[in-house]
Amino acid sequence: MYIFKTVQDLQHYIRTQKKQTKKIGLVPTMGALHLGHLSLIQRAFQDCDLVVCSIFVNPTQFGDAEDLEKYPRPIESDIEKLEKIGCSALFLPDVTEVYPKDLISPTFDLSGLDKTMEGAHRPGHFAGVVEVVHRLLDIAQPDCLYMGQKDYQQFAIIKHMLGLMNSSIQLVRVPIVREEDGLAMSSRNVRLSPEGRIKAQLISQMLFEAKKHAIHMSLEEVKQQALAFINQHQLEVDYFTIIDGDSLEIIDSFDKATIVTACTTVRVDGVRLLDNIILRESI
Ligand code: PAF
């Protein structure tokens, strides 16, 4: 696997590959890679000749300097995992490569997509995500971009951004990878106590039940069942919401959207665990 630390080196590689009409996929990450990230790379190889993974802990998406500092950076084991899976290239820039002094990042009207759910708890977070993903796309010029469904709101916002850019980059939503007990894979899971780990299973259980109920119940009934589940198990929920999966607006009936998604964030041991499930999707 090639490892590029500068924009210039990565771009030289990509230009050379493009001359040979190679199709390029980009998987942006902040490292601390788990099977969820690796599934993005595997998915990218289904469509692309080459897959570039970026590892960059983006300061502009952190509200708190301490969180940024504490973010795990197990780079040696990340490289090992990427090599093992056959990733073509790793882009491992430092802050000055991504944000040189003279860089002017465009701003996008996110139409309020950044204000609900996670956005309400992390002001400015999605503006930072948009800034870095736009910059990484500008650097790497991929044909396809792979993002996980786990961060559903992030995916929807990047889709919106690509629409505003009139971009021809194909955005692919890659399904959530779960632990055996159903817990969505996340670098935050290691912060759970053994008791917390057991409690955390309830999150996916709630979402799977909602999906089952969605086959024969109204949306309001599905919501009521989920709220009863939350009360019964005394889950500390930041939000549980059923939304139009594109506009992220709360809806009250399944026929109001082509994709209907239930999103939740639950606190266990003080750790905010995000999860979601697509209840219905019309093709
Ligand atoms: O999902 C992440 O890991 C990050 O938000 C991303 C997309 C790599 C941007 O820094």
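Look above for the structure.
A brief structural summary.

Definitions and cut-offs
Residues numbered from 1 in each chain as written. Predicted model: local features only at pLDDT ≥ 70, side-chain atom pairs only at ≥ 80, totals over all residues. Heavy atoms only, no water. Axes fitted to C-alpha atoms, helices over the stretch in contact; angles between N-to-C directions. Helix = DSSP H or I, 4+ residues; strand = E, 2+ residues; numbered from the N terminus. Parallel < 35°, antiparallel > 145°, perpendicular 65-115°, else oblique. Left-handed = near helix turned anticlockwise from the far one by under 90°. Contact = heavy atoms within 4.5 Å. Nonpolar A, V, L, I, M, F, W, Y, C, P; charged D, E, K, R; others polar. Near = heavy atom within 4 Å. Polar contact = N/O pair within 3.5 Å; in protein donor to acceptor, adjacent residues only side chain to side chain. 1 Å grid on protein atoms, 1.4 Å probe; cavity = no way out; pocket = protein on both sides within 12 Å on 5 of 7 lines; lining within 4 Å. Points joined across faces, edges and corners; volume = space filled by probe spheres on them.

**Focus: the packing of helix α9 (residues 194-213) against helix α10 (residues 219-232)**
Move 1: Following both chains from N to C, one finds α9 and α10 inclined at 155 degrees, their axes separated by 9 Å at the closest point. Considering their axes alone, α9 and α10 lie roughly antiparallel with respect to each other. As α9 packs across α10, the resulting crossing turns out to be right-handed. In this structure, α9 contributes L202, Q205, M206, E209, A210 and H213 to the contact, and α10 contributes V222, Q225, A226, F229 and I230.
Move 2: A per-class count over the contact of α9 with α10 returns seven nonpolar, three polar and one charged.

**Topic: the packing of helix α2 (residues 35-47) against helix α4 (residues 75-85)**
Move 1: It is at 11 Å that the axes of α2 and α4 come closest, and there the two elements cross at 30 degrees. By the angle between their directions, the pair α2 and α4 is classed as roughly parallel. Both α2 and α4 take part in a crossing whose hand is right-handed. Along the contact surface, α2 presents L38, I41 and Q42, while α4 presents K81, L82 and I85.
Move 2: When the residues that make up the contact of α2 with α4 are grouped by side-chain class, the tally is four nonpolar, one polar and one charged.

**Some thoughts on the site of the ligand**
Move 1: What surrounds the ligand is the set P28, T29, M30, N58, Q61, V129, V132, M147 and Q154.
Move 2: Interatomic distance of 2.6 Å between a side-chain N/O atom of Q61 and an oxygen atom of the ligand.
Move 3: Between an oxygen atom of the ligand and a side-chain N or O atom of Q154, the distance comes to 2.7 Å.
Move 4: Of all elements in the fold, only β2 (24-29) and α7 (125-140) reach the threshold of two or more residues within the shell around the ligand.
Move 5: Partitioned by chemical class, the residues of the shell around the ligand number five nonpolar, four polar and no charged.

**With respect to empty space enclosed by the protein**
Rolled over the atoms, a probe sized like a water molecule indicates the empty space that remains.
Move 1: Tallied over the full model, the rule gives one cavity of 30 Å³ or more.
Move 2: Its volume calculated, the largest cavity comes out at about 30 Å³.
Move 3: Lining the largest cavity we find M206, E209, A210, H213, V222, Q225, A226 and F229.
Move 4: Mapped by element, the contributors of at least two residues to the lining of the largest cavity are α9 and α10.

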